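One letter stands for each residue in the lines below.
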Amino acid sequence: MNGKTFPGSGRKMRLFLPALAATLALLAASASAAPEKKPKRLPGRILRVFEGDTFQLEGGLRSTLLGVSTPPFTERGGKESFEFLRRLLTGKQVFLEVDAELLDASRQAQYYVFLEDGVFVNALILLRGFGRALVKHPNVRYRGRLLRAEATARKNRIGIWGDAFPDPQNPH
């Protein structure tokens with residue numbers, strides 16, 4: 001600014017700004033102190049796997065892993081990611097968690113998937129190097145976990161980031 005103020009506004013602004021800053025600080029503190037609401041997980045059963053990030057739920061709903069993109073079957077890593085997910089999920093009871101938006105651009109339901117023992121499948125796919133993190137706003141609940149999982153695989157040159165893929169016979 002050029003140092004000019006509106007007549008009579010200088011004193012009011014000098015009083016208003018500290019009050020605004022204090023209010024914002026209190027709001028931020030109360031928001032961070034508020035207990036985080038645990039997301040609701042719904043049970044489901046995986047009937048079949050189509051690709052390394054796409055599956056069918058009991059009831060016929062075609063779904064995808066939220067925050068994960070695996071190579072198509074015809075590209076390097078596509079067969080491996082498919083085989084890994086197929087062995088890990090087919091016929092299994094899982095828990096499904098929705099983020100801000102249920103449907104993706106293709107109108108498929110998108111979920112965070114957890115095994116009965118609590119294993120986070122979306123992050124496991126990335127840790128094993130079978131895909132890339134693909135986090136899109138507004139679905140960002142596990143952004144940090146997914147990006148860290150990808151970074152770990154990348155750093156250790158696992159799967160698509162290296163020369164070899166983990167054994168799909170050993171999904172855990």
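Residues numbered from 1 in each chain as written. Predicted model: local features only at pLDDT ≥ 70, side-chain atom pairs only at ≥ 80, totals over all residues. Heavy atoms only, no water.

Here we come to the environment of Lys-136. Relative to the elements of secondary structure, Lys-136 occurs in the loop between strand S7 (132–133) and helix H4 (143–155). Given a relative accessible area of 55%, Lys-136 falls into the exposed group. Spatially, the C-alpha atoms of Lys-136 and Leu-66 are 9.2 Å apart, while their sequence positions differ by 70 residues. (Helix = DSSP H or I, 4+ residues; strand = E, 2+ residues; numbered from the N terminus. Buried < 20%, exposed > 50% of the residue type's maximum accessible area, 1.4 Å probe, protein only.)

Turning next to the sheet that holds strand S6 (residues 109–115). Sheet architecture is closed into a barrel: five strands sit in the order S1-S2-S3-S6-S5, paired in mixed fashion. Averaged over all adjacent pairs, the angle separating strand axes in this sheet is 60°, with direction ignored. Where strand S5 (residues 93–97) and S6 come together, four bridges link them in antiparallel fashion. Its bridge partner being in S6, Glu-97 is matched across the sheet by Tyr-112. (Pairing = 2+ DSSP bridges. Axes fitted to C-alpha atoms, helices over the stretch in contact; angles between N-to-C directions.)

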